[in-house]
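# Tertiary structure, described
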Amino acid sequence: MIVLGIDTSCDDTSIAVYNGKENRILSNIVSSQYQFHQEFGGVVPEIAARKHAENIDIVFNEALKVAGIEVSDIELVAVTRTPGLLPALLVGVTFGKGIAYWREIPLKGVHHIEAHIFSPFIGKVPEFPFLSLVVSGGHTLIVLVEGLGKYKLIGKTLDDAVGEAYDKVAKMLGLGYPGGPVIDKIYKKYDGDFIDLPKPRAPQFNFSFSGLKTAVRRLIEKGYPVEQVAASFQKTAIEYLTGKLKKAIKELKVKKVAIAGGVSANSLLRESLKIMQVEKNLDLFLPEMEFTSDNGAMVAYVGYRKFLIEGEDSLSMNAVARSSL
Ligand code: KG4
Ligand code: ZN
């Protein structure tokens, strides 16, 4: 079954073509809009929606071309319907519905976080149960995944998401948007001393990032060098994430661990988890770099599997800005 996967939940227009039966991604095209949002230091929903509308046809045609297929070969449309920026989601959902209606093929709505959770398993078979650390621009969660659609929320952020904290810190430091890749790059080059930043308190396996942001603001006001502040922020934020994850692994006695979302591209997070894998004898599942940030491939992968279990969605399916897993 040839599956089209569409994601327009935030600021990337992404469409993939996936061969469900062979479990193989045939193309995964992502058109990033970050340069249009850079001057605002964050994503502007109306600009995102307009750029998606301008680009989606181009991205779609490119995805078909790279996959070497015709429109008539598509047998299922999977599209992110929630959560995300409503005007942005609507572009993908409307486009997906259009293809499904025109070609008379089934449509499947996909939850964006669910798609991220399975991104380490694209091209493979998921191994349940596993503990997933979801770290993106909008979410920071620890989820116990017992099966497709079977999730237990173990912890979440009580305020900002970690990616959001990266973006806000980068904005304060005048490093532009998105903040994660820039701060990570600075960290890799940096070889000076780190400033001790307090790890925010949050009960159990929950997170809080707003205090860390305030601590960074104070350092900036005191005139510490940009590189030292950025590198110290990354060290603290990643130690905080891995510390909580380690605690959850121990308490829940899990052996399989996965990460997902934009921040799962972070070099220090990936390195720290590889060390933890050896220390704790874990099975570790990291998404390939191209599947860390938003992409259509993860939507196609999950949409196909949900379709096999639940069947199709109606064409009256709608985009929803907020929803839990
Ligand atoms: O999953 P994603 O592409 O979009 C959402 O669904 O939110 O995540 C985007 C987030 C941004 O906040 C960005 O700064 C962060 O992922 N990010 C990183 C890195 N690459 C992207 N954060 C830390 N280190 C990175 N290397
Ligand atoms: Zn995402």
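Residues numbered from 1 in each chain as written. Chains lettered and ligands numbered in written order. Predicted model: local features only at pLDDT ≥ 70, side-chain atom pairs only at ≥ 80, totals over all residues. Heavy atoms only, no water.

### So, the sheet that holds strand S2 (residues 12-19)
The condition that has to hold: By this definition, two strands are paired if DSSP reports at least two bridges between them. Labels follow the DSSP assignment, with helices taken as runs of H or I lasting at least four residues and strands as runs of E lasting at least two, numbered in each case from the N terminus. Interaxial angles span 0 to 180 degrees and are taken between N-to-C directions of axes, which are lines fitted to C-alpha atoms, for helices over the stretch in contact. Contact between two residues is taken to exist if any of their heavy atoms lie within 4.5 Å; hydrogens are not considered.
Ordered in space as S3-S2-S1-S4-S5, the 5 strands form an open sheet in which the pairing is mixed. The open sheet has two free edges, formed respectively by strand S3 (24-32) and strand S5 (107-111), since each of these has just one partner strand. Shown here is a sheet whose adjacent strand axes are inclined to one another by a mean of 20°, direction ignored. Across the sheet, helix H2 (residues 45-67) is in contact with strand S1 (2-7), S2 and S3; its angle to S2 comes to roughly 25°. Running at roughly 160° to strand S4 (residues 76-82), helix H3 (residues 86-103) makes contact with S1, S2, S4 and S5 of the sheet.

### Things to note about the coordination of the zinc ion (ligand 2)
As a benchmark, a tetrahedral metal site with four donors has ideal angles of 109.5 degrees, while an octahedral site with six donors has ideal angles of 90 or 180 degrees. Defined as follows: The donor set covers N, O and S atoms within 2.8 Å of the metal, switching to 3.2 Å for Na, K and Ca, and it leaves out water, so a site may look short of donors. Only four donors with every angle between 85 and 135 degrees are called tetrahedral; only four or six donors with opposite donors over 155 degrees apart and all others between 65 and 115 are called square planar or octahedral, in that order; all others are irregular.
Coordination of the zinc ion (ligand 2) by the protein comes from His112 (NE2), His116 (NE2) and Asp294 (OD), over a distance range of 2.0 to 2.1 Å. Around the zinc ion (ligand 2) sit 4 donor atoms, and with donor-metal-donor angles ranging over 94 to 143° the site reads as irregular. Expressed as a motif, the donor residue spacing for the zinc ion (ligand 2) is H-x3-H-x177-D. Of this pair, His112 sits in helix H4 (residues 112-117) while Asp294 sits in the loop between strand S10 (283-285) and helix H10 (296-310), and the two are 182 residues apart along the sequence.

### Let's talk about the site of ligand 1
Our working rule: Only heavy atoms are used to decide nearness, and a residue is near a molecule or strand if one of them lies within 4 Å of it. We define a polar contact as two N or O atoms separated by no more than 3.5 Å, with the added condition that, inside protein, one atom must be a possible hydrogen donor and the other a possible acceptor, whereas residues neighbouring each other in sequence contribute only through side-chain atom pairs. Surface accessibility in these figures is a Shrake-Rupley result with a 1.4 Å probe; residues are shielded only by whichever protein chains are displayed. Classification used: nonpolar for Ala, Val, Leu, Ile, Met, Phe, Trp, Tyr, Cys and Pro, charged for Asp, Glu, Lys and Arg, polar for all others including Gly.
Near ligand 1 there are 20 residues, and of these Gly137, Asp167, Gly180, Gly262 and Asn266 occur at the shortest range. Within the side chain of Asp167, an N or O atom sits 2.7 Å from an oxygen atom of ligand 1. Contact between ligand 1 and Asp184: a nitrogen atom at 3.1 Å from a side-chain N or O atom of the residue. If ligand 1 stood free it would expose 560 Å²; the protein chains cover 88% of that surface. For the shell around ligand 1, the secondary structure elements donating two or more residues are H4, helix H5 (162-172) and helix H6 (179-189). Top contributing element to the shell around ligand 1 by residue count: H6, with 4 residues. Tallied by class, the residues present in the shell around ligand 1 amount to 5 nonpolar, 12 polar and 3 charged.

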